[in-house]
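Architecture and fold: a report
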Amino acid sequence: MKRTVTLIFTLMLSLLMAASAMAGGPPPKDLLKGYFTEVNEAARTVQFEKEGSETLTTFHLNQEMAVEDIKLNKKVMVTLDKHAGRPNVIGDVSIMFMDLPLSKIGYLIIIGLIGGLLSGFIGSGGAFVMTPAMMTLGAPGAIAVASNMCHKFPKAMVGAFKRYKYGQVDIKLGLVMAVTAIIGVEVGIQMQKYILNTWGNAGSNLYVSLVFVCVLVVVGLIVARDAYKLSKGGGEAKTGKLALALMKINIPPMMEFKVAKVRISFWITVPIGVLTGMLAATIAVGGFIGVPGMIYVIGASAMVASATELVVAFIMGCYGSVQWAISGLVDIRMTLLILSGSLIGVQLGALGTTYVKDHIIKIVMASVMLIVAVSRGAKVPGYLADVGLMNPLEPQVTAMLNSVSFWALIVALASAGGLITFFMIKGMIQARREEKQSVLETAHG
Amino acid sequence: MSTQNKAIKKKPVMAMLLFGCVSLTAYFYLMTHQGLVTETFTKGGWYAAFPILAAFAFSFIHGAFASNLLSVFGIEAKK
């Protein structure tokens, strides 16, 4: 056991080091950070001071930009327009740090609280709504992704620790999954790059959305069907037929996962881990394949799978955060504000699992997955039109689809929060009643 | 027996207040020094240690506060 863990750790550390040495991580490389010091309205040029360098560079504004878009002495991110036909033309500018009035602070804390609750209960989630939520508040995309990533690993760490105390975490399974997931992340990033280079931004958006919708609908329906069957059969979960068949395959090295009560070939765990990583790199929610994979392919219970996913999320979150932080894109204010809510939520969600049966976790997971699929599905027509596979959409239709997409995320988060709270309170009331009854029985007996 | 029960059920009010105060002070400092903090934390390179360590530190302090808060409210895992 010790030897396996050491081996996994060494492999993981070497992978981490190799990946950072190559610096081929997900953060965008063509971003320039710095300050505008002067604007020349007549010539439509600006003086830009790059962070860490005192020399000024002159940039030209592209035709779509207004001079008012340039804010002096505020830290900005600049992307140059590569197709402008001449050098140093600005393609896009965004202010790195938005102002945070009390209303935005409150919004971030509440979103964090519900996201944490979901994460503590089903092992993943929250991330799919955090990034769009931060972007709605006005954060640039790259900052939102980085800040979300940096809040994910401490949250997962606290959640994993709590659930470890309840005896639900299989650390060995978590480590094996995380190592293979990191490989999957790298594969996912390379695939994304290939698609981006071949079909451009619109193609990449379409690919991400289609993967999102297909995976969530298929896996969501499998989990929902299983949860329905379990709830009719009294809620006692059995190991699935597929997992039982796979356990019989005897290709060394065979691994024994004591908490998950599973003995399975290492090679069966590899595709689950790699797919988790690929999905994490593509749609930022690897857990939506990791947890069902651990349940239906490896044969762990929903309780152990969702708890173990937190270990995977912690390691992958750490790996991602270091890369984004090296690029200097983490808005620590947003990270810590979300964390202030999510650290309460994740502990509440984790202890909530001790009051419910296995199928309740599956019900919550399936509901979230299917509603989130609707959210992303609403974006597909727009992307199909972008790549020319459909006629362009009317502006009203685009606006309506965008609002369906956004509100579906809010509904997913709210319904998950509601379901978890409901089942948790129900379980607590039942536990208290049972406790009272046993006290009475002892007193009378 | 009753003393033992009381000791077990004693709520961690002091710990909650202590961690709560430290956490609140840290958040207060963060929000009143936004410019300095965001500037330093986004320099990139080795400065990446700042956001990572801050996230760890806050998760310990605020996490301990959250854990004690839930215990004080009587919300605990099923035994």
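Residues numbered from 1 in each chain as written. Chains lettered and ligands numbered in written order. Predicted model: local features only at pLDDT ≥ 70, side-chain atom pairs only at ≥ 80, totals over all residues. Heavy atoms only, no water.

On to the overall build of chain A. Secondary structure summary: chain A contains 13 helices and seven strands in total. Dimensions of chain A, computed from C-alpha atoms along their principal axes, come out at roughly 95 × 50 × 45 Å. Within chain A, buried positions represent 53% of all 445 residues. Sequence separation of 24 or more characterises 72% of the internal contacts of chain A that already satisfy a separation of 6 or more. Carbon together with sulfur atoms contributes 64% to the accessible area of chain A, which is approximately 20,300 Å² in total. Each charge sign in chain A was given a centre, from 37 positive and 25 negative side chains, and these centres are 13 Å apart. (Helix = DSSP H or I, 4+ residues; strand = E, 2+ residues; numbered from the N terminus. Buried < 20%, exposed > 50% of the residue type's maximum accessible area, 1.4 Å probe, protein only. Contact = heavy atoms within 4.5 Å. Areas by Shrake-Rupley, 256 points an atom, 1.4 Å probe, with all protein chains shown as cover. Lys, Arg positive; Asp, Glu negative; His and termini not counted. Charge placed at Lys NZ, Arg CZ, Asp CG, Glu CD.)

Check the secondary structure of chain B and you find four helices and zero strands. Expressed as a percentage of its 79 residues, the buried residues of chain B come to 38%. At a minimum sequence separation of 6, the contacts of chain B that also span at least 24 residues come to 73%. Surface summary for chain B: the accessible area is close to 5,100 Å², and the carbon and sulfur share equals 73%.

So, about the packing of aromatic side chains. Residue and element names in this part refer to chain A. Under the counting rule described, the total for this entry stands at ten aromatic pairs over all chains. Their ring planes at 35° and their centres at 5.3 Å tell us that Phe48 and Phe59 sit as a pair that is tilted. Placement of Phe48 in strand β2 (residues 45-50) and of Phe59 in strand β3 (residues 56-61) is noted, with a sequence separation of eleven residues between them. Take Phe59: its relative accessible area is 3%, and that puts it in the buried class. An aromatic cluster of at least three residues, connected via ring pairs, comprises Phe36, Phe48 and Phe59. Stacked on the ring of Phe257, the Lys or Arg Lys172 has its end atom at 5.7 Å from the ring centre. (Phe/Tyr/Trp six-rings, centres within 6.5 Å; stacked < 30°, edge-to-face > 60°. Lys NZ or Arg CZ within 6 Å of the ring centre and 35° of its normal.)

Moving on, we get to the environment of B:Pro51. With respect to the helices, strands and loops of the structure, B:Pro51 is situated in helix α4 (residues 49-72). Exposure remark for B:Pro51: the relative accessible area of 0% places this residue in the buried category. Distance in space between the C-alpha atoms of B:Pro51 and B:Thr38 is 9.5 Å, their sequence separation being 13 residues. If sequence neighbours within four positions are ignored, B:Pro51 has contacts with A:Cys150, A:Ala325, A:Val330, A:Ile332 and B:Phe41.

Across the contact, 42 residues belong to chain A and 32 residues belong to chain B. Taken together, both faces of the contact between chain A and chain B bury some 2,900 Å²; the carbon and sulfur share is 73%. The tally of links between chain A and chain B comes to zero salt bridges. For the pair chain A and chain B, the number of links is twelve residue pairs in polar contact (both at pLDDT 80 or more). (Buried area = accessible area lost by both parts, 1.4 Å probe. Salt bridge = Lys/Arg side-chain N within 4 Å of Asp/Glu carboxyl O. Polar contact = N/O pair within 3.5 Å; in protein donor to acceptor, adjacent residues only side chain to side chain.)

Residues and elements named next belong to chain A. Compared with the 30 Å implied by 1.5 Å per residue over 21 residues, the 29 Å span of helix α10 (residues 332-352) between its first and last C-alpha is a close match. Maximum bend of α10: about 30°, positioned at Ser340. Along α10, 21 of the 21 residues are buried, which leaves the element largely enclosed by surrounding structure. (Expected span 1.5 Å × (residues − 1). Bend = angle between axes of the 7 residues up to and from the residue.)

Let us now look at the sheet that holds strand β5 (residues 89-95) of chain A. Residues and elements named next belong to chain A. Strand order in the closed barrel formed by five strands is β1-β2-β3-β5-β4, and the pairing between neighbours is mixed. Taking each pair of neighbouring strands and ignoring which way they run, the sheet shows an average axis angle of 55°. Judged from the six bridges that link them, strand β1 (residues 31-40) and β2 form a sheet pairing that is antiparallel. Looking at the pairing, Gly34 lines up with Lys50 of β2. (Pairing = 2+ DSSP bridges. Axes fitted to C-alpha atoms, helices over the stretch in contact; angles between N-to-C directions.)

A few words on the side chain of A:Lys162. Take A:Lys162: it is sitting in helix α4 (residues 141-165). Here A:Lys162 occupies a buried position and makes no salt bridge, while the nearest side chain of opposite charge, B:Glu76, is found at 8.0 Å. Among the polar contacts made by the side chain of A:Lys162, one reaches the side chain of A:Gln347 at a distance of 3.5 Å.

Residues and elements named next belong to chain A. Model confidence for chain A is summarised by a mean pLDDT of 83, while 91% of its residues fall at 70 or above. Mean pLDDT per element in chain A: helix α1 (residues 2-22) is the minimum at 51, and α10 is the maximum at 93. Low confidence marks residues 16-25, where pLDDT is under 50. Its contacts with residues over four positions away, or in another chain, come to twelve contacts. (pLDDT = per-residue confidence, 0-100.)

Residue and element names in this part refer to chain A. Segmenting chain A into domains produces domain 1 (31-95) and domain 2 (102-423). Using only C-alpha atoms to locate each centre, domain 1 and domain 2 end up separated by 37 Å. Contacts between the two partners involve five residues from domain 1 and, on the opposite side, six residues from domain 2. Summing the contributions of domain 1 and of domain 2, the shared interface buries around 350 Å²; its carbon and sulfur component is 74%. Our count for the domain 1 to domain 2 interface comes out at zero salt bridges. The set of elements that each furnish at least two residues to the side of domain 1 that touches domain 2 consists of β1 and β5. Of the residues contributing to the side of domain 1 that touches domain 2, the split by class is three nonpolar, one polar and one charged. (Domains from an automatic or database assignment. Nonpolar A, V, L, I, M, F, W, Y, C, P; charged D, E, K, R; others polar.)

Scanning all chains against the criterion turns up zero disulfides over all chains. We note that A:Cys318 lacks a disulfide partner, and the nearest cysteine sulfur, in A:Cys150, lies 9.0 Å from it. (Disulfide = S-S within 2.5 Å.)

Residues and elements named next belong to chain A. Enumeration over the complete set of coordinates arrives at four salt bridges over all chains. Between Glu51 and Lys33 there is a salt bridge whose closest N-O contact spans 3.4 Å. Placement of Glu51 in the loop between β2 and β3 and of Lys33 in strand β1 is noted, with a sequence separation of 18 residues between them. Across the salt bridge formed by Lys362 and Asp226, the nearest N and O atoms sit 2.7 Å from each other. Taken together, the residues span a long stretch of sequence, with Lys362 in helix α11 (residues 358-377) and Asp226 in helix α5 (residues 171-232) at a distance of 136 residues. The class of Lys362 is buried, set by a relative accessible area of 3%.

Glancing now at unusual backbone geometry. Across the junction of A:Pro252 and A:Pro253, the peptide omega takes the value 0°, indicating a cis bond. Looking at the secondary structure, you find A:Pro253 in the loop between α6 (241-247) and β6 (254-257).

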